[in-house]
Amino acid sequence: MSELPAAPPPPDVPGDIPAAEFRAAMHRVADIVADYLEHVGAYPVLPRIAPGEVRRALPAAPPEEPEPLEAILADYRRLIEPNVTHWNHPGFLAYFAITGSGPGILGETLAAGLNVNAMLWRTGPAATELEEVVCDWLRQLLSLPAGFVGHINDTASVSSFLALAAARHRLPGLAIRERGMAGRRDLPPLVVYASEQAHSSIDKAVMALGIGHANLRKVETDDEYRMGAASLEAAIAADRAAGRLPAAVVATAGTTSTTSVDPLRAVAGICRREGIWLHVDAAYAGSAAICPEFRALFDGIGEADSIVVNPHKWLFTPVDCSVLFVRDPGAFREAFAHVPEYLRTAETGVTNLMDYGIQMGRRFRALKLWMVMRAFGAEGLRARIRAHCALAREFAAWVEREPGFALSAPVPFSTVCFRAVGAAGPAEQDAMNERLLSAINAAGSVFLSHTTLRGRYVLRLAIGNLRTGREHLERAWALIRSLASELGRTADA
Ligand code: PLP
């Protein structure tokens, strides 16, 4: 054997940044975040920038040489912080307003330090067990029956996708996991049912699961935007008669447009009789079930096969954190578990979170939820949700009292749908409300969003940020009224 030439000495491994530098920067970051949260209200909620401006301000190529953290943080303050949409702003009243609360931010920071990937119990014992514990704490707070087991996904969209995949897997005799769906004569078209107010994530899930968008039945809703149980029953019967196979029903508890709650008990009864998986999308409003006075609205939720609740929506936990509860975790795991040799571990009787979905790696999200639940306590969380709902009711009362405005839907939680009304026809009125929304959002102090209800353009004001107080709503309402009358005068002129 010929001699190998002597190897050059290995270069020094440069390693991470020096510990002292990191510590100093971490303190600096703490100040930056604390300053941001203290003064976020001074920013316009929507940054006043045009598309492409941030990109143009950044170098097109990555730096070749290391840069001091101080310079990077200075650029963060100059280029990034002012140019985000400020979700933590008290005037953020769009979509579902949310809060990255102090305790949640601390949890997120600690999780980043640990950098745990909790795919297996072995790779994250505390992360796995804390996830089990906090999900069970949440189950108790929501008053869900014992037996429901939760795990944390990034978003409700993914949680609902997984729930529908599990429902598809449970269909007897079809072995879709093994045999797939393509080219099978023995496989009737599968059908999923949801109300016409269901979130678009359900549309995406049926598309991605091979069920097909045409096989999502959008069941009509009543005058309060709740799924009609009789219409659901009729749709299922019609599909069965046509040889199609009902695979799952998605009921929504807190729809995205109006926060209406489908009649869960009636829907659950139908699902039980028909042997159909019931998934409840309670991504936003589910959190309200921690308050006993809201539980009547969720009556029947415990009959579901799966339920999604997003602590990142209304439990003050930073994005992302979506808890999916399943009634039968064993059956749920069967839909997804697939363990290659290199991931086999010796422990038995433990949870390996990678068995609960399609992703292998998992962020340590339980830490921030744990910190939020402990730092606020159940009573603190309830008090905050109650305060948001009370503010929404007050805002709704202002709208109702004001000539030229009308509520567009009931206000069961903390979101108000309303619009300016006038003598003009429907098209003009819609256009006027669209102009009104643009003017409101251009002012900078608040950010509202919109929806359409029965084809009509409607403004939405959602309260969910811990910094939003009565004074912000008073200011928002004064702005809305004055802009509406200005627009009305312009239209008259
Ligand atoms: N379901 C409902 C009822 C929603 O309102 C939303 C978002 O607002 C979602 C699901 C999607 O949530 P995520 O962004 O966590 O996927």
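All of the points below concern the structure found in this document. Being a predicted model, the structure only gives us computed values, none of them experimental.

What counts, and at which threshold
- Residues numbered from 1 in each chain as written.
- Predicted model: local features only at pLDDT ≥ 70, side-chain atom pairs only at ≥ 80, totals over all residues.
- Heavy atoms only, no water.
- Axes fitted to C-alpha atoms, helices over the stretch in contact; angles between N-to-C directions.
- Helix = DSSP H or I, 4+ residues; strand = E, 2+ residues; numbered from the N terminus.
- Left-handed = near helix turned anticlockwise from the far one by under 90°.
- Contact = heavy atoms within 4.5 Å.
- Nonpolar A, V, L, I, M, F, W, Y, C, P; charged D, E, K, R; others polar.
- Pairing = 2+ DSSP bridges.
- Near = heavy atom within 4 Å.
- Polar contact = N/O pair within 3.5 Å; in protein donor to acceptor, adjacent residues only side chain to side chain.
- Areas by Shrake-Rupley, 256 points an atom, 1.4 Å probe, with all protein chains shown as cover.
- Core = buried A, V, L, I, M, F, W, Y, C linked by side-chain atoms within 4.5 Å.
- Buried < 20%, exposed > 50% of the residue type's maximum accessible area, 1.4 Å probe, protein only.
- Domains from an automatic or database assignment.

**Some thoughts on the packing of helix α4 (residues 102-114) against helix α13 (residues 366-401)**
In the contact formed by α4 and α13, the axes pass within 7 Å of each other and the chain directions differ by 145 degrees. Handedness of the α4/α13 crossing: right-handed. Contact residues: P103, G104, L106, G107, E108, L110, A111 and L114 in α4; L367, K368, M371, V372, A375 and F376 in α13. Of the residues that constitute the contact of α4 with α13, the class distribution is 10 nonpolar, two polar and two charged.

**A short note on the sheet that holds strand β3 (residues 216-219)**
Taken together, seven strands build an open sheet; the order of strands is β1-β7-β6-β5-β4-β2-β3 and the sheet is mixed. Every interior strand has two partners, whereas the edge strands, β1 (149-153) and β3, have only one. Going from strand to strand, the sheet's axes swing by 20 degrees on average, the running direction of each strand aside. In the sheet, strand β2 (residues 190-195) pairs with β3 via four bridges, with the strands oriented parallel. Counterpart to Y193 in the pairing with β3 is R217. Along the sheet, helix α8 (residues 200-208) makes contact with β2, β3 and β4 (245-252), crossing β3 at roughly 160 degrees.

**Considerations on the sheet that holds strand β9 (residues 415-420)**
With antiparallel pairing, the four strands of this open sheet are ordered in space as β8-β9-β11-β10. For this open sheet the edge positions go to β8 (405-407) and β10 (449-453), each flanked by a neighbour on one side alone. When strand polarity is set aside, the average angle formed by the axes of neighbouring strands in this sheet is 40 degrees. Note that β9 and strand β11 (residues 456-462) share four bridges and pair antiparallel.

**Looking at the site of the ligand**
Taken together, 13 residues sit near the ligand, with A156, S157, T256, D281 and N310 positioned nearest. S157 is positioned such that a nitrogen or oxygen atom in its side chain is 2.5 Å from an oxygen atom of the ligand. In this structure, an oxygen atom belonging to the ligand sits 2.8 Å away from a side-chain N or O atom of T256. Within the complex, the protein chains bury 86% of what would otherwise be the 400 Å² of accessible surface of the ligand. Contributing elements (two or more residues each) for the shell around the ligand: α6 (156-170) and α11 (311-314). Taken together, the residues of the shell around the ligand break down into three nonpolar, eight polar and two charged.

**Section: the nonpolar core**
Considering soluble globular proteins, one finds that nonpolar side chains tend to be buried as a cluster. Of all hydrophobic cores here, the largest spans 65 residues; its most connected members are V249, V280, I385 and F413. Of the domains in this structure, domain 2 (117-363) and domain 3 (373-492) are the two that each give at least three residues to this core. Every residue in contact with F413, bar those within four places of it in the chain, is listed here: T259, V261, Y284, A285, A288, F294, L297, F298, W314, C389 and A392. Formed by 34 residues, the second largest nonpolar core is a distinct cluster that contains L162, L187, L190 and V192.

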